[in-house]
Amino acid sequence: MDEVTILPMQDGDLDQVTQIEKEIFPTPWTRRQFQFEIRNHYCHYFVAKIGDVVIGYTGLVVVGSEGYITNLAVKAEHRRKGLGTRMILTIFRKALEAGVDIISLEVRKSNLIAQELYRQFEFHPGGVRRRYYVDNREDALVMSTGYITAGKLREIIEKNEKYLMERNLERQS
């Protein structure tokens, strides 16, 4: 894979971000929703790029000591290459910097690949939001890290950085 950079989301990224939204999600966010989010000082959004091309994005809302992952999306042709892991690492680093001690999210009950990724970061199921998704009324699984200390956050980050490094070494062999 060409060199991927992960940067804060900017207005200039929004056309590509909303295009990915439309390709992936049955009820995509609008450009206006993303504009509001990236201007909100509680929100931290990032894009993964190869050159000037956005290939994924993610967002974190921080309120007090709680963080909430709003979304994580990777273009189909770039999935299963460690990009989701890299973006969650970015989120966890931001959470550490912001003093977050619990991170939560919702994921479709049918999205087992995403759930596997989140478990890698020590998210655990904590409940179900019945008929949460408006497109098909699918339930959402609520996942959370539970209370995590800064030391534990660093440990999770280091474990996943090591995982990525080992994975890259395997690919190069």
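Preceding this paragraph is the structure being described.
This one's a predicted model, so the numbers in the text were calculated from it and none came from an experiment.

### As for the overall build of the protein chain
Summing up its helical and strand segments, the protein chain has five helices and seven strands in all. At 16 Å, the protein chain has a C-alpha radius of gyration in line with the 16 Å of a compact globule built from 173 residues. With the C-alpha coordinates of the protein chain rotated into their principal frame, the extents come out at 40 × 35 × 30 Å. Across the 173 residues that make up the protein chain, the buried fraction comes to 45%. In the protein chain, 63% of the contacts between residues at least 6 apart in sequence involve partners at least 24 apart.

### Looking at the environment of Lys152
Relative to the elements of secondary structure, Lys152 occurs in helix H5 (residues 150-172). Residue Lys152 is classed as partly exposed on the basis of its relative accessible area, which comes to 25%.

### Brief notes about helix H1 (residues 14-24)
For H1, the set of buried residues is Leu14, Val17, Thr18, Ile20 and Glu21. Within H1, the buried residues cover an arc of 155° as seen down the axis, which keeps them to one side. Within H1, the exposed residues directed more than 90 degrees away from the buried face are Asp15 and Lys22. Looking at the buried residues of H1, the elements they touch are helix H2 (31-39), strand S2 (43-50), strand S3 (53-63) and strand S4 (66-74).

### Quick look at the sheet that holds strand S7 (residues 140-144)
Pairing is mixed across the open sheet formed by seven strands, whose spatial order is S1-S2-S3-S4-S5-S7-S6. At either margin of the open sheet sits one strand with a lone partner, and together these are strand S1 (4-8) and strand S6 (124-129). Within the sheet, the average angular offset between the axes of one strand and its neighbour, ignoring direction, is 25°. When strand S5 (residues 102-108) meets S7, the two strands line up antiparallel, connected through five bridges. Its bridge partner being in S7, Glu106 is matched across the sheet by Val142. Each of S2, S3 and S4 is contacted by H2, which is oriented at about 115° to S2, the strand it contacts most. Most of the contacts of helix H4 (residues 112-120) go to S5, to which it runs at about 165°, and overall it touches S4, S5, S6 and S7.

### Quick word on the packing of helix H3 (residues 83-98) against H4
The geometry of H3 relative to H4 is characterised by a closest axis approach of 11 Å and an angle of 45° between their N-to-C directions. By the angle between their axes, H3 is oblique relative to H4. Here H3 and H4 pass one another in a crossing that is right-handed. Only Leu117, Tyr118 and Gln120 of H4 make contact with H3, whose side of the interface consists of Gly84, Thr85 and Ile88. Partitioning the contact of H3 with H4 into residue classes produces three nonpolar, three polar and no charged.

### Considerations on the pattern of salt bridges
A side chain of one charge can pair with a side chain of the opposite charge if their charged atoms are brought near each other. Tallying each qualifying case throughout the model produces 14 salt bridges. Across the pair Arg108 and Glu138 runs a salt bridge, and its minimum N-O distance is 3.2 Å. Remark: Glu138 occurs in the loop between S6 and S7 and Arg108 occurs in strand S5; sequence separation between them is 30 residues. One salt bridge in this structure joins Glu166 and Lys162, with 4.0 Å as the shortest N-O distance. Here Glu166 and its partner Lys162 are both found in helix H5, four residues apart, which amounts to about one turn of the helix. Its relative accessible area of 39% is what places Glu166 among the partly exposed residues. Here the residues in one salt-bridge network are Glu122, Lys152, Glu155 and Lys159, joined through shared partners.

Rules used throughout
Residues numbered from 1 in each chain as written. Predicted model: local features only at pLDDT ≥ 70, side-chain atom pairs only at ≥ 80, totals over all residues. Heavy atoms only, no water. Helix = DSSP H or I, 4+ residues; strand = E, 2+ residues; numbered from the N terminus. Rg over C-alpha atoms; globule rule 2.2 N^0.38 Å. Buried < 20%, exposed > 50% of the residue type's maximum accessible area, 1.4 Å probe, protein only. Contact = heavy atoms within 4.5 Å. Arc of directions from axis to C-beta. Pairing = 2+ DSSP bridges. Axes fitted to C-alpha atoms, helices over the stretch in contact; angles between N-to-C directions. Parallel < 35°, antiparallel > 145°, perpendicular 65-115°, else oblique. Left-handed = near helix turned anticlockwise from the far one by under 90°. Nonpolar A, V, L, I, M, F, W, Y, C, P; charged D, E, K, R; others polar. Salt bridge = Lys/Arg side-chain N within 4 Å of Asp/Glu carboxyl O.

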